Amino acid sequence: ITASYVHQQYLASDGIWRDGVFDSRFIFNVVSGETSHLQSSMTLTLTEKLVIVGGSPYTPINLAASANAGTTILDSSQTLGARNSPYVRLDIGADIGLKWNSMSIDIYLTILNVLGTNNVLDRYYDTYFKIVDYNYDLPFVPVLGIRVTD
C-alpha cells in the first residue's frame, strides 16, 4: 500500500500562481497477491492492483471559439482551471503454474480496468457533432495467455 500527496503550482507569466498539470493532489496504490500450492506441481496465484489518483487539472475548451474555428480552442482565461474526476482503476489476475518435466507452463488471465471506469485522458472538439468529446484510458480489457519456459 502506498499513498502520496501531490501539490504542484507554478507562477504563470501573468503573475498568477496556478495549479500545474501534474497537481493530482493524491495518489493511492494497493497491490497484493497470494500464491497457493494446489499440488506439488501446480500453483494458483491471485493478484490485484488498485490505483486511485486525484483528478488532474485541465484547461476547458472554448466551445464557441472551437465551433467558429472548426478545431479545438482552449479557454486561455481558465488555464488549468478545471479538474478531472479522480482516476480509478482496478486490475485483477489469476495464474495457474504447472511444472511438467523440465518445463514450466503458466496459464494466466488478467483483467485490466475490471470496473470499466471511463477515466478521461483528454478532451477535444468534435467537429461533426459540434460538442466536446473525450479520449479515455483503457476500457475493460481481458488478457488471456500461456507462457512456456524451460
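Residues numbered from 1 in each chain as written. Predicted model: local features only at pLDDT ≥ 70, side-chain atom pairs only at ≥ 80, totals over all residues. Heavy atoms only, no water.

Draft legend 1. Representation of the side chain of Glu48. Along the chain, Glu48 falls in strand E5 (residues 42–53). A distance of 2.8 Å separates the side chain of Glu48 from the side chain of Ser32, its partner in a polar contact. From its side chain, Glu48 meets the backbone nitrogen of Leu50 in a polar contact 3.3 Å long. When residues no more than four places from it in sequence are discounted, the contact partners of Glu48 are Val30, Val31, Ser32, Leu90, Asp91 and Ile92. (Helix = DSSP H or I, 4+ residues; strand = E, 2+ residues; numbered from the N terminus. Polar contact = N/O pair within 3.5 Å; in protein donor to acceptor, adjacent residues only side chain to side chain. Contact = heavy atoms within 4.5 Å.)

Draft legend 2. Representation of the packing of aromatic side chains within the structure. For the coordinates displayed, the defined rule picks out two aromatic pairs. Taken together, a centroid distance of 4.8 Å and an interplanar angle of 90° make the contact between Tyr128 and Phe129 edge-to-face. Comparing Tyr128 with Phe129, the two get one shared label, exposed. Considering the side-chain rings of Tyr134 and Tyr136, the 6.1 Å spacing of their centres and the 40° angle between planes classify their relative orientation as tilted. (Phe/Tyr/Trp six-rings, centres within 6.5 Å; stacked < 30°, edge-to-face > 60°. Buried < 20%, exposed > 50% of the residue type's maximum accessible area, 1.4 Å probe, protein only.)

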